[in-house]
Amino acid sequence: MYFNNESIVLASGSPRRKEFLESLGLSFSIAVASVDELAMEEEQAEDFVLRMAKEKAIAVGTQFPDSWIVSGDTVVCLGQSILGKPTSRENAVELLMQLAGQTHIVRSAFCVWHEKKNVIRTNCVATEVRFTNYSERVARAYVATGEPLDKAGGYGIQGVGGVLVASIKGSYSNVVGLPMAELAVVLGQEGVISPVEVIW
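What counts and what doesn't
Residues numbered from 1 in each chain as written. Predicted model: local features only at pLDDT ≥ 70, side-chain atom pairs only at ≥ 80, totals over all residues. Heavy atoms only, no water. Buried < 20%, exposed > 50% of the residue type's maximum accessible area, 1.4 Å probe, protein only. Helix = DSSP H or I, 4+ residues; strand = E, 2+ residues; numbered from the N terminus. Contact = heavy atoms within 4.5 Å. Patch = residues over 30% accessible without salt bridge, like charges linked within 9 Å, V, L, I, M, F, W, Y side chains within 5 Å. Areas by Shrake-Rupley, 256 points an atom, 1.4 Å probe, with all protein chains shown as cover. Salt bridge = Lys/Arg side-chain N within 4 Å of Asp/Glu carboxyl O. Polar contact = N/O pair within 3.5 Å; in protein donor to acceptor, adjacent residues only side chain to side chain. Axes fitted to C-alpha atoms, helices over the stretch in contact; angles between N-to-C directions. Parallel < 35°, antiparallel > 145°, perpendicular 65-115°, else oblique. Left-handed = near helix turned anticlockwise from the far one by under 90°. Nonpolar A, V, L, I, M, F, W, Y, C, P; charged D, E, K, R; others polar.

A. Geometry of helix α3 (residues 89–99). Taken as a whole, α3 has its buried residues at N91, A92, V93, L95, L96 and L99. Looking at the buried positions of α3, the neighbouring elements they touch are β4 (68–78), β5 (81–83), β6 (103–114), β7 (119–131) and α4 (136–143).

B. Structural view of a nonpolar patch on the surface. Side chains of F3, V196, V198 and W200 sit close together on the surface and give an oily, nonpolar patch of about 520 Å² of accessible area. With respect to the helices and strands, the residue W200 is situated in the segment after β9 (193–195). For W200, a relative accessible area of 94% gives the class exposed.

C. Quick look at the environment of E6. You can see E6 is positioned in the loop between β1 (2–4) and β2 (8–10). Residue E6 is classed as partly exposed on the basis of its relative accessible area of 23%. Each C-alpha atom of the pair E6 and I193 lies 7.2 Å from the other, and the pair is 187 residues apart in sequence. Once residues lying within four places of it in the same chain are set aside, the contact partners of E6 are W68, H114, K117, G191 and V192. Only 3.0 Å separates the side chain of E6 from the side chain of W68, close enough to count as a polar contact. Reaching out from E6, the side chain makes a polar contact with the side chain of K117 at a distance of 2.8 Å.

D. Highlighting the packing of α3 against α4. Packing of α3 against α4 leaves a shortest axis separation of 9 Å and a crossing angle of 135°. The angle between α3 and α4 falls in the class oblique. Helix-helix and strand crossings are classified by hand; for α3 and α4 the assignment is right-handed. Between α3 and α4, the contacting residues are R89, E90, A92, V93, L96 and M97 on the first element and E136, A139, R140, Y142 and V143 on the second. Of the residues that constitute the contact of α3 with α4, the class distribution is seven nonpolar, no polar and four charged.

E. The environment of E37, seen in detail. Positionally, E37 belongs in the loop between β3 (29–30) and α2 (45–61). Assessed through its relative accessible area of 43%, E37 is described here as partly exposed. Separated by 86 residues in sequence, E37 and N123 place their C-alpha atoms 18 Å apart.

Here's what the structure looks like:
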């Protein structure tokens, strides 16, 4: 659907973000950012994901000053609490039981950065997700699949975890980990990508 006008580096090891960019037809390299992913005291979720996305972009961008860096970060929020990745199978069950029958917010931020051009663009998108009121037995059966263990909030909407989701309000790709519509707009505005010209 799109093609590159300039080089892109994805500052993420997430296979979901990789698949999203590939699905657009873009070519890019991957350089995983290493940053301390801990929220500051009293830091709001939106501020946290925006800071994380920016720090990841900068950590990688200094190595690729002639490329456009794309980074992202995602958190699951229940009320004012940020639910991170499970620390164990039991913790995954605990997280899932907190979410059962509840509506939570998934916030994903991205950063587009070019060091030499001194351009930095960020955005944060929120999606409302409502879970079914499943039992602990269901939660344990889901955790046993292994899918939740590396995902914020302990679930993946794009996989088996989709069976837990009653409804979403907002961007689906945002819940997976990267708000693609908003990212494509920014990359287009900066001239990094262009749509493929099609003649019928």
